[in-house]
Amino acid sequence: MSEETKNGKTTEDVRRRLSLFDSCSLIVGIIIGAGIFTTSPLIAANAPTLTILFGLWVAGGIISIMGALCYAELGSTYPQACGDYHYLTKAYGSWAGFLFGWLQTVIARPGDIALMAIIFATYAAPLIGGDDVVQVRLAAGAVALLTAINILGVQVGKTTQNVLTTLKVLGLVVVFGVALAFGQDANVANLAWEPDQNEIDLGLAMILILFAFGGWNEMAYVVAEVKDPARNISRSLIGGLTIVTLLYIFVSLSFVTVLGHAGLAASEEVGRDVISHAMPRYGPALMSGLIMIAALGSLNGLIFAGSRITYAVGRDYPIFAILGKWNVRTETPIRALVLQGMLACIVVVVLQSFIEALLFTAAPVYCFYLATSMSVIVLRKKDPNASRPFRMPGYPLIPILFATACVYFIFRAILFKPIPTGIALAIVAVGIPIYFLARRK
């Protein structure tokens, strides 16, 4: 019998290896990628005043924490692997879980991984004098390398995540502390911000902010590997998001202090622009290194958590059984990791635009956020006797408010980019006949 299948290996045999620190590191590491650097100028350009700009960042943190409270209750109540996949199946039926797994496997996860890899390569290629071809190779290489690291075992994967997360957080604090202390250019910072009111789009700004906060729900995919899930799931979700919100406000403050509102809105490479004022000689290279570490931290976390979803689909549906094997020796879903890495590399090769790719996945992803948040209410009624170690405060107002926010962002994504959004929703719909085929098989 192969090593993957001996002793009837199932998800219930997955060992709980992730501590509270590992869990917080995974959340913070995934969220704080290069999104803050990529989206900040666009967000500033769509905020008419500084008060509104910082208010949007605070609102993004509050909305994300409301969603995290939903996931904290679900995760501590049902500490099985694969998060939304399990909650949606239990609340609405196997079709809902399958569609979520289908979305993550073929659209959302490969796209997210590719985005982080491309951002890493965008900053890495100039350091070695590379052209566009080199950039694509670096992005695909980063995906392949971190996939291989995670294939080696859960211990190697989580250690890599802890190191990258620690480096990026310390780097953000030190670099932007230096920028705040020594980098202000009074002439630039005091430029008046006079936006064209017809160009202001607060809805787009919030979509971009929530992209920067994206990834907090990744903890749900690895709850079966978290030690003492009744306590650590809620602590890691809420604690991790609180850290991220404070860091984002701190980073945004440093951007505005050094560049001013107008300078931030006009910046093409905000990180380099900010640090160049404090360290004109070494700042740009230092900033590139920090952004590369941030992107790699997010990339590793996305690879680590995402493979668990593909594994769950393969475990539950014989038509995809080749993906549902858990390697006993390495304690990882090797085949799911390989498929995920291959799809992400394909996306790296064909991806054209960061914003197009982001909005391509936004509507379907928020559809499932909506369904998962409402499953808190459904499961309280459907499964009232389940042990709930963490019961969210403000029930049922919190899930209703978060669901309302999801409906708004779905509408905004459709309105802003109807064609790519429609294509993404159509791909999700293709999963319906595939589901019935899988059921028959």
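Our subject is the structure listed above.
About the thresholds
- Note that residues are indexed from 1 along each chain, following the sequence as it is written.
- Owing to the predicted nature of the model, reporting of local features is limited to residues with pLDDT of at least 70; listing and counting of side-chain atom pairs is limited to 80 or more, with chain, interface and lining totals taken over all residues.
- Only hydrogens and water are set aside when side-chain values are computed; all heavy atoms of the structure are taken into account.
- Numbered from the N terminus, helices here are DSSP runs of H or I no shorter than four residues, and strands are runs of E no shorter than two.
- Relative accessibility under 20% of the residue-type maximum defines a buried residue, over 50% an exposed one, and the middle range a partly exposed one, all with a 1.4 Å probe and only protein chains included.
- The contact definition used throughout considers only heavy atoms, calling two residues in contact when any of these lie within 4.5 Å.
- Calculation of accessible area relied on Shrake-Rupley with a 1.4 Å probe; when residues are assessed, cover is drawn exclusively from the protein chains displayed.
- Just to be clear on terms, a salt bridge is a Lys or Arg side-chain nitrogen sitting within 4 Å of an Asp or Glu carboxyl oxygen.
- In these notes, a set of buried Ala, Val, Leu, Ile, Met, Phe, Trp, Tyr and Cys residues joined through side-chain atoms within 4.5 Å is what counts as a nonpolar core.
- Pairing of aromatic rings covers Phe, Tyr and the six-membered ring of Trp, with a centre-to-centre limit of 6.5 Å; geometry is then stacked below 30 degrees between planes, edge-to-face above 60, and tilted otherwise.
- Geometrically, a lysine NZ or arginine CZ counts as sitting over a ring once it is within 6 Å of the ring centre and also within 35 degrees of the ring normal.
- Each axis is a line fitted through C-alpha atoms, and for a helix only the stretch in contact is used; angles between axes span 0 to 180 degrees, taken between their N-to-C directions.
- Comment on the angle field: the value is read as roughly parallel under 35 degrees, roughly antiparallel over 145, roughly perpendicular from 65 to 115, and oblique elsewhere.
- Crossings are assigned a handedness: left-handed for a near helix turned anticlockwise from the far helix by less than a right angle, right-handed for a clockwise turn.
- Side-chain classes follow a simple rule in which Ala, Val, Leu, Ile, Met, Phe, Trp, Tyr, Cys and Pro form the nonpolar group, Asp, Glu, Lys and Arg form the charged group, and the remainder, Gly included, forms the polar group.
- Our working definition of a disulfide is a cysteine sulfur pair at a distance within 2.5 Å.
- Residue count minus one, scaled by 1.5 Å, sets the expected span of a helix.
- Arc, as used here, means the arc of the directions from the helix axis to the C-beta atoms.
- Distance and chemistry together define a polar contact, namely a pair of N or O atoms within 3.5 Å, with one atom able to donate a hydrogen and the other to accept it when in protein, and with adjacent residues in sequence counting only for side-chain atoms on both sides.
- Without a salt bridge and with relative accessible area above 30%, a residue can belong to a patch; like charges are then joined within 9 Å and nonpolar side chains (Val, Leu, Ile, Met, Phe, Trp, Tyr) within 5 Å.

Draft legend 1. Quick look at the overall build of the protein. When helices and strands are counted, the protein shows 16 helices and zero strands. Taking all 441 residues of the protein together, the buried fraction comes to 56%. Taking as baseline every contact in the protein between residues at least 6 positions apart, the subset at least 24 positions apart corresponds to 83%. When the accessible surface of the protein is summed, it comes to about 17400 Å², and 66% of that surface belongs to carbon and sulfur atoms.

Draft legend 2. Broad picture of unusual backbone geometry. For the bond running from Y395 to P396, omega is 0 degrees, close enough to zero to count as cis. Structurally, the position occupied by P396 is in the loop between helix 14 (354-382) and helix 15 (397-416).

Draft legend 3. Representation of the pattern of salt bridges. Under the criterion given, the structure shown has four salt bridges. Here E73 and R388 are joined by a salt bridge, their closest N and O atoms 3.6 Å apart. Here R388 lies in the loop between helix 14 and helix 15 and E73 lies in helix 3 (residues 50-77), a separation of 315 residues in the sequence. A single burial state applies to E73 and to R388, both of which are buried. R315 is the partner of D316 in a salt bridge, and the nearest nitrogen-oxygen pair spans 2.8 Å.

Draft legend 4. The arrangement of the nonpolar core in detail. Counting 120 residues, the largest nonpolar core has F37, W57, F176, Y248, F255 and L299 as its most contacted members. No other element matches the 17 residues that helix 5 (residues 94-124) contributes to this core. Among all residues touching F255, those that are not within four sequence positions of it are I36, F37, S40, F176, G260, L264, V270 and V274.

Draft legend 5. Representation of the packing of aromatic side chains within the structure. Enumeration over the complete set of coordinates arrives at 16 aromatic pairs. Measuring from ring centre to ring centre gives 5.6 Å for F98 and Y435, while their planes differ by 50 degrees; the resulting arrangement is tilted. Pair noted here: F98 is in helix 5 and Y435 is in helix 16 (residues 418-440), with a separation of 337 residues, a long-range link. With respect to class, F98 is no different from Y435; both count as buried. Over the face of the ring belonging to Y395 we find R380, whose NZ or CZ atom lies 3.8 Å from the ring centre.

Draft legend 6. How the structure looks around the packing of helix 6 (residues 132-152) against helix 12 (residues 283-316). Closest axis-to-axis distance for the helix 6/helix 12 pair is 10 Å, and the angle between their directions is 50 degrees. In terms of axis orientation, helix 6 runs oblique to helix 12. With respect to the hand of their crossing, helix 6 and helix 12 are arranged in right-handed fashion. The residues of helix 12 that touch helix 6, namely those facing A142, V143, L146, T147 and N150, are L296, L299, N300, I303 and F304. A per-class count over the contact of helix 6 with helix 12 returns seven nonpolar, three polar and no charged.

Draft legend 7. Examining the state of the cysteines more closely. Enumeration over the complete set of coordinates arrives at zero disulfides. Unpaired in this structure, C70 has its nearest cysteine sulfur neighbour in C406, at a distance of 8.7 Å.

Draft legend 8. How the structure looks around helix 13 (residues 334-350). Across its 17 residues, helix 13 extends 25 Å between first and last C-alpha, which sits within 8% of the 24 Å expected from 1.5 Å per residue. Turning to helix 13, its buried residues number three or more, namely I334, A336, L337, Q340, G341, A344 and V348. All buried residues of helix 13 project into a common sector of 150 degrees when viewed along the axis, lining one side. Residues of helix 13 that are exposed and point over 90 degrees away from its buried face: M342, I346, V349 and V350. Lining the buried residues of helix 13 we find helix 5, helix 6 and helix 12.

Draft legend 9. Molecular detail of the side chain of T421. Along the polypeptide, T421 turns up in helix 16. Residue classification places T421 among the buried positions, given a relative accessible area of 1%. A distance of 3.3 Å separates the side chain of T421 from the backbone oxygen of A413, its partner in a polar contact.

Draft legend 10. Region of the structure containing a nonpolar patch on the surface. On the surface, a nonpolar cluster with roughly 350 Å² of combined accessible area is contributed by V136, I346, V349 and V350. Here the element with the most residues in the nonpolar patch is helix 13; it accounts for three residues. Inspection of the secondary structure assignment puts V350 in helix 13.

Draft legend 11. Structural context of the packing of helix 5 against helix 12. Put simply, helix 5 and helix 12 touch, their axes get as near as 9 Å, and they point 165 degrees apart. When the axis of helix 5 is compared with that of helix 12, the two are roughly antiparallel. You can see that helix 5 and helix 12 cross each other, and the crossing is left-handed.

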